[in-house]
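Structural overview
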Amino acid sequence: MRKIVVAIDGYSSSGKSTMARQLAREVGYLYVDSGAMYRAVTLFALRHGLACKDAGVDVERLVERLPEIGVTFRLAPDGTQHTCLNGEDVEAEIRRMEVSDMVSPVAVIPEVRHRLVALQQSYGRDKGIVMDGRDIGTAVFPDAEMKVFVNASPEVRAQRRVDELRAKGEQVDYAEVYANVCERDRIDTTRKESPLRQAPDALLLDNDRLSRSEQMEWLLERFREITERD
Ligand code: DC
């Protein structure tokens, strides 16, 4: 069976990361959460006073300090993949609301994108990878053999995010999360540099209608069709 690149793109909280991680586990591929990489850069900016909710992002200073930012992944003892910022495990911190609120304005910066896209492409050189994000099928791996675009309504996505954050003990309110989801959609789809859009050759997966096991079944069927084709 030939090894391929699987690119999974979609809106925030559409369930694409869970789906991508599970697919990678099922087929024995490497999984990379590209959104986590943008979140790690955002955390660096927040910690160094280069970004805050009221003043926005100090683009010039953040770009200057990009060479200091190392983003890597490590396998945690429970088998899950954790994101590290300059060697420190920041997996829990990058999922917090402060980071979610600032990540889209950081992700619009072309220099940030160029640096992270180059790193993402290096991970996929030997194929056998599932990567999820916003521009994986359009900019990172335009030649990916399997591309999936995940769609779900903002209401369903906001509720999913509220449930996730509450399960981690964060006090959040649905209206605030819904506003964050809509604002991120707006920034992600309208930015100049590789905006979120469905690649013309991507398969569409509507996540409002399928259960998790139905999604997996659908993905595995498509995966087998593609890898068994010569
Ligand atoms: O998937 P996520 O919500 O963790 O992504 C966080 C942010 O990073 C999202 O608002 C947009 C940005 N992002 C991006 O611009 N390109 C990617 N490939 C992945 C994420």
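Residues numbered from 1 in each chain as written. Predicted model: local features only at pLDDT ≥ 70, side-chain atom pairs only at ≥ 80, totals over all residues. Heavy atoms only, no water.

**A closer look at the packing of helix 4 (residues 97-107) against helix 8 (residues 174-190)**
- It is at 9 Å that the axes of helix 4 and helix 8 come closest, and there the two elements cross at 20 degrees. As far as their axial angle goes, helix 8 and helix 4 are roughly parallel. The two elements helix 4 and helix 8 meet at a crossing, and its hand is left-handed. Residues Met97, Ser100, Asp101, Val103, Ser104 and Pro105 of helix 4 touch helix 8, and the partners they reach there are Glu176, Val177, Asn180, Arg184, Ile187 and Asp188.
- Grouping the constituent residues of the contact of helix 4 with helix 8 by class yields five nonpolar, three polar and four charged. (Axes fitted to C-alpha atoms, helices over the stretch in contact; angles between N-to-C directions. Helix = DSSP H or I, 4+ residues; strand = E, 2+ residues; numbered from the N terminus. Parallel < 35°, antiparallel > 145°, perpendicular 65-115°, else oblique. Left-handed = near helix turned anticlockwise from the far one by under 90°. Contact = heavy atoms within 4.5 Å. Nonpolar A, V, L, I, M, F, W, Y, C, P; charged D, E, K, R; others polar.)

**Quick look at the environment of Asp188**
- With respect to the helices, strands and loops of the structure, Asp188 is situated in helix 8.
- Each C-alpha atom of the pair Asp188 and Met146 lies 22 Å from the other, and the pair is 42 residues apart in sequence.
- Contacts of Asp188, omitting those with residues within four sequence positions, involve Ser104, Arg134, Pro195 and Leu196.
- Polar contacts involving the side chain of Asp188 include one to the side chain of Arg134, which spans 3.2 Å. (Polar contact = N/O pair within 3.5 Å; in protein donor to acceptor, adjacent residues only side chain to side chain.)

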